[in-house]
Structure formats: C-alpha cells, structure tokens
Amino acid sequence: MSRVCKMSKNVREVFRLDELKDDIRRNMVALLGNDPRSKRKFSYYNALAYSVRERLVDLWMRTQSDYYDSMAKRVYYLSMEFLPGRFLMNYLTNMGIVDECREIVAELGFSLEELEEEEWDAGLGNGGLGRLASCYLDSMVSQNIPGYGYGILYDYGIFYQSIVNGNQEERCDNWRRHGCPWEITRLDTLYEVKFYGRSETYYDSDGNVRFRWVDTENVMAMPCDILIPGYGCSHVSNMRLWTAQSSREFNLSDFNRGDYIGAMHGKVMSENITKVLYPNDQFLQGMELRLKQQYFLVSATFQDILRRYLKQHTSLAALPEAVAVQLNDTHPAIAIPELMRLLMDVYGMGWDVAWDICTRTFAYTNHTVLPEALETWPVDLLGRLLPRHMQIIYEINRRFLEGVAATFPGDTERLSRMSVIQEEGGQRVRMANLAIVGSHTVNGVAALHSNILQTGLFRDFHEYYPRKIRNVTNGVTPRRWLMQCNPALSRLITQSIGPEWCCNLEKLRELVPLAEDSAFRDAWARAKLENKRLLSRYVLRKVQMGINPNTLFDMQFKRMHEYKRQLLNVMHVISLFNRIKDNPSADITPRTVLFGGKAAPGYYQAKLIIRLINEVARVVNADADVAGRLRVAFLPNYCISQAEKVVPAADLSEQISTAGMEASGTGNMKFALNGALTIGTLDGANVEIMEEVGAENIFIFGLKAHEVAEKRRSGYNPREFYENDAELRRVMDMIGSGFFSPDERGLFSPVYDSLMHHGDYYMLMADYRPYMEAQAAVDALYLDQDQWVRKSILNAANMGKFSSDRSVMEYARGIWHVEPLGK
Ligand code: 475
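Nothing here was measured: the structure is a model prediction, and the numbers come from that model.

(A) Geometry of the overall build of the protein chain. Secondary structure summary: the protein chain contains 35 helices and 23 strands in total. Since a compact globule built from 823 residues should have a radius of gyration of about 28 Å, the 27 Å found for the protein chain is in line with a globular shape. Considered along the principal axes of its C-alpha atoms, the protein chain spans approximately 90 × 70 × 60 Å. Buried residues in the protein chain amount to 61% of all 823 residues. With the model as given, the accessible surface of the protein chain reaches about 30700 Å², and the carbon-plus-sulfur share is 51%. Of the side chains in the protein chain, 95 bear a positive and 102 a negative charge, and the two mean positions are spaced by 3 Å.

Written out as structure tokens, the structure reads:
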C-alpha cells in the first residue's frame, strides 16, 4: 500500500502525464492515420488507449525481468475463458490516473465516459468461471504473485444478445472488427500443435521401448499478449491468448498437385480452431472442435512454459518447484497427459518420474456439480484426435485402479465409479476423474460446494485421497467491482476510512460504527440514489423505458438457467401484480424488477423464460392500476460493462438458486459489496455471506441443500403445493393458460408443465411460499429507509472476506506454494 500511495503522488512523473495529450495527438496521426482535428470519438478512444498502454510496457518488462532474476516460482492459470470486459478504465484505475486523464480528455473536447463507451467488451467467456479468472489475474499481479493467464483469443466472443418480440436473438460478437488497441501480437513466436496421426513404437539407443506421435496434421499457435496492470502499478503482468494459424507446409502435396483451392480449404479449416467461443454455460456439447480448442490451448501453453523454464534450468526434474499450473475446471485437463507425453516422449523420462512431476505441478478447480456440465469425451473421438494421449490416459487409469483395488479389495463397484474410463453407454473419458488423479489438490469454490464435492460428487475420491479435496471460497476484485464501477460510493468510503480498503478489503469493517451515524447514512443513500439515476438513464436509452429511481431496485443478473430460478422471481412478480389488481388501493412498496442474462442458444427452456419475463413485463408495465408501483424490464446483452452499471444501482440482489446447485456465485458478492441486500437461499457463497454480514442483514429462505437431497430421495410432489396454496395456483394457471400470451395460448405450457408434470426438478413450488414471505419482509424493511440503509452499510462493511486478494493468497499459500515477491 505504501508503494501505491507514493506512486499516486508522483504519478505525473512516472506516467509522464504532461506528455499524454501530445501522445494522444501523435498516436492519432502516426498509428491511426487520422487527422487530430477530427472529432471522432472512436479514434480518440484508440489514440488514448495506445497512449495509456505504452506507459505500461516499461513497467511490464521490468516486472518480467524481476521475476526472471529472482527465479521466482510462476503460477500459470489455464482457462478456456476469460471475461476481462473493457480495459480502458481498468488500466486508468489501477494506474491511479482516472482524474488526471479525465482533465486531459476534457481539454481535447471529450468526456472520459463517452470515450469509455467506445470500447467493446472482451467477452471471451460465458459467465462466472471466466470472470473469476480475470479477477484472479488482477489479484495476482496486484499482490506481486508471478502469475500468468493462458487462454484463447477467440475471434468471436460470447454472442451479442438482442431481444426481438420478447425473444432472445443471437448475433455474432465480432469484437475486434475495428481492432483492439490492448493486444500485443507476437508475430515472431509460433508453436506447432499436432492433431490426429498415430502413436508409433520404436527402440531408443539403449534398447528401451519409446513412443512417438507421427503422421499428424499440424496447426500453428501464435500468442497475443494483453497487459494486466496491478493496482498502483508496482507490477504489470499479462495474459497470453493463442490464435490458430495454418502451418506453412499445410497440404503441400495438394499445392504441388495443383489443387490450390483444396489446399487453401485445409488452411482455412485449421484457422477455425480459435474462431468462436462455445456459448454453453455449464453444458457439455461434446463437439470435436471444442476438444481441438482445448488441446490447442494446452499444447501451445506447455511449449511456452517449458521454453521459459528451460532458459533457467537444465533439468525438468525441478519443474514443480518452479511452476504451478491451475486448471480452471476440466476444460484444460488434457494438460495432464500432455505433460506426461512431453516428459516421456520428448524429454526421455520414465513413467514414475514423469508422473511424480505431473501430479506435483497440477491443481484443479471444480466449478459445478451439474451432471450435464461434467465433461466426458468418447474414447474413439479422443483416440482419433489425440492417439498418444489416449494411450497415456489408459495407462494412468490402469495404474490408478491398481492402487484403488489394493486399498479396497473386491470393491468392483467402486472401481467402475472411480475409473477414468466410463464403460456404460460406449467408452468415454471422464475428465474430472482424470483431473483429480493427475492433480495434487482439487478445490471447490465455496465451503458448501467443497463439502458437496467431498461427500457427494467426488466422495469415492475423498475416501481414497482424504486430503486432496479442499475449499477456496471465490472472491471478486474490489478494484473493478467497487472502486472503478462505483465512484460515488468509493469516494464516500475513502473520505470516511481512508484509501487502504481497495487493497485490504477487511478495512471496510471500519464502516460498521458509521452505520449508526445518520449523516453518514444520508450520504450513503445519496450515493445509491445517484447510481440508480445513472442506471435509469441507461435503461431509458437501452429499452426506451422510464424507471423511477425512488422505487426499490430488485435485480437478477446472471446466465439464464433453470437452476438459478429466474422463473421463481417471475412468479413473485406475477403474484404482486395480482395483489395490486385485486386491491388497487393497497399500500405496497414500489418496485422495479430488472433482469438480465444470456441463455445458451440451444437451451429451449431458458429462452422461453426470457420470453415469459418479457411478456409479463408487457402486461405489467401497460396496466394503469399497477403504474408507479411495479415495473419489470429485461435488459438485453448482459455483459461485464453492463454489470458495472447495474451492480452499483441495486437495492436487492436475487440469489435464489435451488440449494446445492450454485457452486459459489460471484455476482452475489459484487452486489453486496455495493450495498445491495441479498434475498437468497443457503446455497454456494450465500452461506458465507450470511455468516459475514449477519443473519439479520440478509433475507434467507427456502429449502437447504440437504433438504433438497432428502426430498429428491423420498419423493417430491410439486402438485401438493399447487393444491394447498391458492395464490400459487393462480400464478401457475395464468402462466399455463396463456394469460401472458393471448395470441398464442399454449406458448408457456412447457414452463407450466416442467413444474406441474415433469417433477419440478428445481423445486420452485416448494420454495414459492417461503420466497413470498422473504419478499414481504423486504417490502416492509424498505419502507423503513433508516433501517434499510443501515443494513446496506453493514452489508458492504462486512464483505472483506470476498476480495479475490484473499482467495488468491489462499491458493498461493495452500496450493501453489508461492509467496508474493519481495516479501
Ligand atoms: C458457477 N462454466 C458459479 C463460478 O467459480 C461460480 C462450464 C462448462 C462449460 C463452460 N462453462 C462452464 C461453469 O461451470 C461456471 O461458470 N461455473 C460457475 O463458476 C466461479 O461462482 O457458481 O456456476
């Protein structure tokens, strides 16, 4: 922190701010070929971006040579997804030059905010897992832990969602169409990645049997770096994203035979590998191209890691002392057989030495227990694409099962459950089992989730490896998710308790006594109102709807998923509507209910719920009796930059998943950190949020995880709730009978049927009444603004635990065995 404060004092010198304006003009001309007299916002955004970026390159090189000189152990965070969002404000925030930059930009005739809006989000992920990776990169570099993100530079990120006649439509997200000033392409670094072919046996000079992978089709991987500045900019790291390039000799024979177009076709196909992010959140599609993407990431990354390692070491034996690799879910788990292949086939090691190195290098984070998300690959597909890896996986499994059989003699059921190869329904490779066997540590992402891993999903493994499965509760970076996105509240907090909170979030606790100070409460409420006004303007722009900042802003923003139960929220909205219609003069707490989130393009039920939200909104918002008391809107294209507008403006955060199903949640943390009160189930990190903020400052309702499990076992009957609850019955009948879809009465029957006829797997019917009661408590409390604001302060004040700085330090000390450099 002291370094940060020093930096901000002489920030003009360090970042040559007096030259910034000239640099922007210079870059307008030299890099962009634009006339600096033009007033194009997009050009100025780019010129500013380049001028900001060039100020970091020096610091970045210095950081990297520090790491090199000190031979620091490095952490590699392998992830198929990153969700950094926009970079400009994040760079300025972490450089501590937002205000200075605002002045300079004003002198050029712009507001910083309008230039900020010119940037497209880097949406290289689906949701929680990708955003977590980006928060962790921020926390690693801010705490001087030598960490690097490795991922894929998709040409098309998560699709752009628009809403047409109430339905989701997907458009391609060509996010780099107009270039991306943040990326530094390494045209001169290329690695070859192999696919297909076969594994061949031969004898080495000592007469040992060896394997080599031959007759492959090769694709080149080219890296592109994006700098990641730490807070205060004492250090700068990077994420390295790979793009596919066809290899030069691709189909040379076809060229020679004169089949120019045929040969070009092959080139084009090979470059498809990094074209598009698969848009499924927590759902396995099992396409060959996806497996290609995974191996492409892993192969290029390990060539890069080993090249860097071998610059400073002569033997690979000490790899685990110099390198820690974190697998972000099983998506990059093919890294385990890949490292085995490299150590044995390329570097000549024997199995046991190689396996020991492997298992001391890898750790694996599980992010979901949903069965449909657990990756398995058909043996014939994996064996065709990666024949040598398939051989190695079989051998890993053979040796592993030998060990299990020795510990649990005669327990063949257990062997088949734990096997890396699933036999029933055609042989498949279970990537989670492979990742557990090949890692030294496996972690869940919240206490409850890790517990479910130990006692449920990975129970057999927990019995076999009793110390391997652990917990690291997720966190979010307070730089982006408070300081940057919520200037009004950040200013107030800093005025009250000083600036240290953003690197030591536990400091927020000093706000606790201020909750009793009415002047502070007023200031807190003013900051919230300011954010609600800003959001109202955004909503008006985006969906042409006016919303009233003096109503309760009730928000649910996350991927559309049945287990997240946006439908339960809609059922509450319909119930409120009915109550108002029945009693138009009733005194009710005015609410604005906002939704946002993308549905996977093939997820029919999730898309239908988006439609239902929009149709309910249409009915509610048009009703004169309801006017001024209840408004509903679905904001299209939820993404990081939209979250930065939504989160600071929320009064109420909806975290209402079926208990046991949301591994952690991180939106829950962002909202509470910004002073929203949570209504939620005891699921994921909600449990720990309740422990931190106190049960009296959160609205908890519904079945607990063990009760959900028991009900599923003993037989759950949703109709019972329908029959015994008139209000619920009315809501269901309205959905089922076409009240919200008069032109297409049966439109929402599948929604009705899933609850009434198909078992209501996510138990909305059971949780409806408890949810309604919790919402009534919300309404009552909101009428007492003094109490509400008090609790809002206490929520933010007690969120210290959920800084990703804390999460990253737990990984560093407990899993990676690295310490911040210079300590
Ligand atoms: C959890 N994504 C959140 C968050 O830990 C948790 C799976 C398969 C393919 C593509 N994407 C996925 C996830 O599994 C995922 O995002 N999981 C989420 O991880 C961070 O906070 O509860 O649902």
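Once you've had a look at it, read on.
(B) Focus on the sheet that holds strand E20 (residues 630-634). Spatially, E20-E19-E18-E21-E22-E23 is the arrangement adopted by the six strands of the open sheet, whose pairing is parallel. Two strands lie at the open edges of the sheet, namely E20 and strand E23 (699-700), each paired on one side alone. Where strand E22 (residues 677-680) lies against E23, two bridges are found, and the strand directions are parallel. Counterpart to Gly680 in the pairing with E23 is Ile700. Contacts from helix H24 (residues 566-582) reach strand E18 (552-557), strand E19 (591-596), E20 and strand E21 (652-655) within the one sheet, and its direction differs from that of E19 by about 155 degrees.

(C) Main features of unusual backbone geometry. Of note in the backbone geometry, Asn144 takes a positive phi value of approximately 60 degrees without being a glycine. Here Asn144 is to be found in the loop between helix H8 (128-142) and strand E2 (147-152). Notably, Asp329 is not glycine yet its phi reads approximately 65 degrees, a positive angle. Looking at the element boundaries, Asp329 is found in the loop between strand E11 (323-328) and helix H13 (335-346).

(D) Inspection of the site of the ligand at higher detail. Near the ligand, the surroundings consist of 18 residues, among which Gln282, His367, Asn474, Glu662 and Gly665 are the closest. A distance of 2.6 Å separates an oxygen atom of the ligand from a polar side-chain atom of Gln282. The protein chains hide 96% of the 510 Å² of surface that the ligand would expose on its own. For the shell around the ligand, a count of residues per class yields five nonpolar, 10 polar and three charged. When residues of the shell around the ligand are assigned to domains, at least three map to each of domain 2 (71-86 + 121-474 + 808-816) and domain 3 (487-802).

(E) Representation of the packing of H13 against helix H14 (residues 351-361) within the structure. Where H13 meets H14, the axes come as close as 9 Å, and the angle between the chain directions of the two elements is 140 degrees. Considered as vectors, H13 and H14 are oriented oblique to each other. The two elements H13 and H14 meet at a crossing, and its hand is right-handed. Between H13 and H14, the contacting residues are Ile336, Leu339, Met340, Leu343 and Met344 on the first element and Trp351, Ala354, Trp355, Ile357, Cys358 and Thr361 on the second. Taken together, the residues that form the contact of H13 with H14 break down as 10 nonpolar, one polar and no charged.

(F) Representation of the state of the cysteines within the structure. A full pass over the atoms with the stated rule returns zero disulfides. Not engaged in a disulfide, the cysteine Cys135 finds its nearest cysteine sulfur in Cys485; these two sulfurs lie 11 Å apart. Left without a disulfide partner, Cys180 is nearest to the cysteine sulfur of Cys224, which lies 7.2 Å away. Of the residues examined, Cys180 reaches a relative accessible area of 11% and is grouped as buried.

(G) Region of interest: the domain arrangement of the protein chain. Domain boundaries assigned for the protein chain yield domain 1 (1-69 + 91-119), domain 2 (71-86 + 121-474 + 808-816) and domain 3 (487-802). Computed over C-alpha atoms, the centres of domain 1 and domain 2 are 34 Å apart. With 26 residues of domain 1 in contact, the opposing surface of domain 2 contributes 32 residues. For the domain 1 face of the interface with domain 2, the top three residues by lost area are Trp60, Tyr67 and Asn94, together amounting to 29%. For the interface between domain 1 and domain 2, the tally reads one salt bridge. We note a salt bridge from Glu117 to Arg86, for which the minimum N-O separation is 3.2 Å. Taken together, the elements giving at least two residues each to the side of domain 1 that touches domain 2 come down to helix H1 (2-9), helix H4 (41-69) and helix H5 (88-95). Of the residues forming the side of domain 1 that touches domain 2, the biggest block, 15 residues, is contributed by H4.

(H) How the structure looks around H14. Residues of H14 that are buried: Trp351, Ala354, Ile357, Cys358, Thr359 and Thr361. Along its buried surface, H14 packs onto helix H12 (319-322), E11, H13, strand E12 (362-365), helix H16 (387-407) and helix H18 (431-438).

(I) Structural detail: the sheet that holds strand E13 (residues 376-378). Spatially, three strands are ordered E13-E15-E14 in an open sheet, and the strand pairing comes out antiparallel. Only two strands of the sheet have a single neighbouring strand rather than two, namely E13 and strand E14 (421-422). Pairing of E13 with strand E15 (residues 428-430), which is carried by three bridges, proceeds in the antiparallel orientation. Looking at the pairing, Thr376 lines up with Arg430 of E15. H18 rests against E13 and E15 of the sheet, and its axis sits at about 45 degrees to E15.

(J) Representation of the nonpolar core. Judged by nonpolar contacts, the single largest core of 150 residues is most densely connected at Phe195, Phe302 and Trp816. Counting contributing residues, this core receives three or more from each of domain 1 (1-69 + 91-119) and domain 2 (71-86 + 121-474 + 808-816). Residues in contact with Phe302, not counting those within four places in the same chain, are Leu78, Val325, Ala335, Leu339, Leu342 and Phe362. Core analysis: the next-biggest nonpolar cluster, separate from the first, contains 71 residues, Leu608, Tyr771, Leu781 and Trp788 among them.

(K) Representation of the UniProt feature "modified residue: N6-(pyridoxal phosphate)lysine" (unreviewed entry) in the protein chain in the model. Per the UniProt record, the feature "modified residue: N6-(pyridoxal phosphate)lysine" (unreviewed entry) sits at Lys670. Mapped onto the elements of the fold, Lys670 is located in helix H27 (residues 667-673). Setting aside residues up to four positions removed in sequence, Lys670 forms contacts with Arg131, Val476, Trp481 and Val647.

(L) Representation of the packing of helix H31 (residues 726-737) against helix H33 (residues 764-783) within the structure. Contact pair H31 / H33: the axes reach a minimum separation of 10 Å and the direction vectors enclose 120 degrees. When the axes of H31 and H33 are compared, the crossing they make is right-handed. For the pair H31 and H33, contact is made by Glu727, Leu728, Val731 and Met732 and by Met765, Tyr768, Arg769 and Met772, respectively. A breakdown of the residues in the contact of H31 with H33 according to their chemical character gives six nonpolar, no polar and two charged.

The rules behind the values
Residues numbered from 1 in each chain as written. Predicted model: local features only at pLDDT ≥ 70, side-chain atom pairs only at ≥ 80, totals over all residues. Heavy atoms only, no water. Helix = DSSP H or I, 4+ residues; strand = E, 2+ residues; numbered from the N terminus. Rg over C-alpha atoms; globule rule 2.2 N^0.38 Å. Buried < 20%, exposed > 50% of the residue type's maximum accessible area, 1.4 Å probe, protein only. Areas by Shrake-Rupley, 256 points an atom, 1.4 Å probe, with all protein chains shown as cover. Lys, Arg positive; Asp, Glu negative; His and termini not counted. Charge placed at Lys NZ, Arg CZ, Asp CG, Glu CD. Pairing = 2+ DSSP bridges. Contact = heavy atoms within 4.5 Å. Axes fitted to C-alpha atoms, helices over the stretch in contact; angles between N-to-C directions. Near = heavy atom within 4 Å. Polar contact = N/O pair within 3.5 Å; in protein donor to acceptor, adjacent residues only side chain to side chain. Nonpolar A, V, L, I, M, F, W, Y, C, P; charged D, E, K, R; others polar. Domains from an automatic or database assignment. Parallel < 35°, antiparallel > 145°, perpendicular 65-115°, else oblique. Left-handed = near helix turned anticlockwise from the far one by under 90°. Disulfide = S-S within 2.5 Å. Buried area = accessible area lost by both parts, 1.4 Å probe. Salt bridge = Lys/Arg side-chain N within 4 Å of Asp/Glu carboxyl O. Core = buried A, V, L, I, M, F, W, Y, C linked by side-chain atoms within 4.5 Å. UniProt positions renumbered as here; feature names shortened; annotations may be inferred.

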